[in-house]
Each structure stands twice: as structure tokens, then as C-alpha cells.
Amino acid sequence: MAITAALVKELRELTGAGMMDCKKALNETDGDIEKAVEYLRENGKAAAQKKAGRIAAEGIVMFTAAEDEKKAAIVEVNSETDFVAKNELFRTYVKAVADQALTTTAADIDAFLAEEWKAEAGKTVNDALIAQIAVIGENLKIRRFAQVEEQNGFVATYNHSEGKIGVLVDVVTDVVNDEIREMARNVAMQIAAMRPEYTSNKEIPADYIEKETEILRAAIMNDPKESQKPEKVINGMIQGRINKELKEIVLLDQVYVKAEDGKQSVAKYVEQVAKANGAKLEIKGFVRFETGEGLEKKNEDFAAEVAAAAGN
């Protein structure tokens, strides 16, 4: 039976496996789709070892939240290509990883991979990962996970751009209603868009301020005009520049992106919502994951891959 590009495409859409893996499976099974799926499964473990060194910097971020909103978990699972990241089989698997992360007691990725896979008894999380690599045909990696729990309020969740960015927000409040939830979602959107590094000034390490002060002072002293100014003025300049920097990296100090006047800070926005609802309200913390953040990405030529798979 002739193995057409359409048949390869059908198997890839069904399994999420790579183009060349799909073509090989179809050749080995004389074009039988069902047998090709089984072939991909059976030959997966050895393939997974070969794929382990390949760059996996695409993928998705996904979260799972408890029904009572008191706890949520977020995970980043990487794939080699964006094509696989959009595959329903892969997304279903990542959702299972997020479900696992919601109840895990693991302190790090190694411990997480070693624990029993809740979706299938007798397997570890790592066993399930290898099985997915076998079916999908790309190197996959569970890169990181985090849990947020808040008994004196709730955990807000937000997913941006089909899983490219995920955010959890720890909200302490004595009132939980639609307006408070909307506020929390707006803050989560702020975090996704503006990339804050800290929630409030209280989180900033003392050595961070010291280092920034040293850098700014050195820059001023190397400027012939600026260095001649009185010490009091120089100190004021340094503090002003640090304050400006903190407004960019501290969530509550950032300008709220939806502020009508373009000036209201996130802290003032939260305060406004709290007052309107008679609530004691605090944004206690957040987690922000962005797919592939800090990872090297490979160059892809999808058209060339399709052409190669369709050729002899």
C-alpha cells in the first residue's frame, strides 16, 4: 500500500507522533492505522532514550484547581515543537500531570518523577512520561511544578494564549464574591502581561537594594557632571532611580494596566475593590510560568519536515 502524505498526516493528528516516526510506522504495518498506533507504542521506550538529548523548549503551561478554590497547582511540560503542544493527546496528558501536582508531596522534580502515577497504578510519573514520548515521538520534559494553597481566601487562576503563560494568585480575603474574583483575575492578567518579579517591597532581598545602589552610585560617580553634585542630591537620585525600577518589578507598585487614568497602581486598585466590597483583602503572592522561559529553542522548518516525510 502506498504511504501518502495524507495518511502520514492522519496518523500524526491521531497520535501526535513525529512525521518520520508516523511514516516508518505506516511502512512497517502496510498502511494500517490501528497497527501503526500499536507500533508506535511498542517501539517507544528505546526511541525515548534516543530523544532524551533533543531540545524540548515548546509545550504548555497548565493548572488544576480544587473545587473549593483553596488550592491549585501549575505545571510546565515541554515538547520539541509547537505542533505537538497543540495536540489534544499531549494536552490531555499535561492535564493529568497538573492533577498529579495538585496532590503531590514531592519537593522537587526528581521526587515528583519517582512517585506513583495516580492515573495508572503500578507506574511512576516517569514511566508515564516515557510512554507519552513513545506515542508522541518527541522528547518531552516535565520541567517544573508549583502549588499554592490559601485557606483564608482563595487561589485565582489564569491561562493566557492557549497555555503559553499560566498564573496562580494567592488571595487573602474575608469576602469571596464575583467582584473579588474579577479583581483577582485582573491581577492575574497583570502578572501575565507585566512580568513582575515580586509581590510587594517586603519580598525584595536587602542585598538586591545594596547591589543596585552600588551600581547606580558607580554610574553617577563616573559621570563628570553628576559626580560634582552634593552627596544629599546624589543619594536622592539613587533612591529615585531605585523607586522607578521597583515600580516595574514589584506587582503592587506597578501601574495597573486597566487603570482609566493610567496612573493607578495595582495596590490602589486592590484597595478600591476591597473598600467597595467591605472586604479585608490582600494579594499575598503569585506564581507565573511561561513556556520555554530561559530555554534554548531550536530552529524549525516544518515545510521541510512535511516534504521529507512525504518523500521516499
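Please refer to the structure placed before this passage.
Caption draft 1: Local environment of the overall build of the chain. Across its full length, the chain holds 13 helices and 6 strands. The buried share of the chain, taken over its 312 residues, is 46%. Surface summary for the chain: the accessible area is close to 16,800 Å², and the carbon and sulfur share equals 50%.

Caption draft 2: Up close: the nonpolar core. Counting 27 residues, the largest nonpolar core has V167, V169, V171, M183, V187, L281 and I283 as the members making the most contacts within it. For this core, the secondary structure elements donating two or more residues are β4 (153–160), β5 (165–173), α9 (178–194), α12 (266–276) and β6 (281–290). Considering every element that reaches this core, the biggest residue donor is α9, with 7 residues. With near-sequence residues (within four places) excluded, V187 lies in contact with V169, L251, V266, Y269 and V270.

Caption draft 3: Region of the structure containing the pattern of salt bridges. As enumerated under the stated definition, the model contains 18 salt bridges in all. For R144, the salt bridge is made with E293, and the minimal N-O distance between the two is 3.5 Å. One end of the pair, R144, is in strand β3 (residues 141–149); the other, E293, is in the loop between β6 and α13 (302–310), and 149 residues separate them in sequence. In this structure, E150 engages K284 in a salt bridge whose closest nitrogen and oxygen atoms are separated by 3.6 Å. Pair noted here: E150 is in the loop between β3 and β4 and K284 is in strand β6, with a separation of 134 residues, a long-range link. With a relative accessible area of 46%, K284 lands in the partly exposed category.

Caption draft 4: How the structure looks around the sheet that holds β5. Strand order in the open sheet made by the 3 strands is β4-β5-β6, with antiparallel pairing throughout. Here the strands that pair on one side only, and so sit at the sheet edges, are β4 and β6. Strand-to-strand twist in this sheet, taken as the mean axis angle between neighbours without regard to direction, amounts to 15°. Contacts between α9 and the sheet are confined to β4, β5 and β6, with β5 contributing the most and set at about 140° to the helix.

Caption draft 5: Just the sheet that holds strand β1 (residues 60–65), in detail. Here we have 3 strands laid out as an open sheet, ordered β1-β2-β3, and antiparallel in their pairing. Two strands lie at the open edges of the sheet, namely β1 and β3, each paired on one side alone. Neighbouring strand axes in the sheet, compared pairwise and without regard to direction, differ in orientation by 15° on average.

Parameters at a glance
- Residues numbered from 1 in each chain as written.
- Predicted model: local features only at pLDDT ≥ 70, side-chain atom pairs only at ≥ 80, totals over all residues.
- Heavy atoms only, no water.
- Helix = DSSP H or I, 4+ residues; strand = E, 2+ residues; numbered from the N terminus.
- Buried < 20%, exposed > 50% of the residue type's maximum accessible area, 1.4 Å probe, protein only.
- Areas by Shrake-Rupley, 256 points an atom, 1.4 Å probe, with all protein chains shown as cover.
- Core = buried A, V, L, I, M, F, W, Y, C linked by side-chain atoms within 4.5 Å.
- Contact = heavy atoms within 4.5 Å.
- Salt bridge = Lys/Arg side-chain N within 4 Å of Asp/Glu carboxyl O.
- Pairing = 2+ DSSP bridges.
- Axes fitted to C-alpha atoms, helices over the stretch in contact; angles between N-to-C directions.

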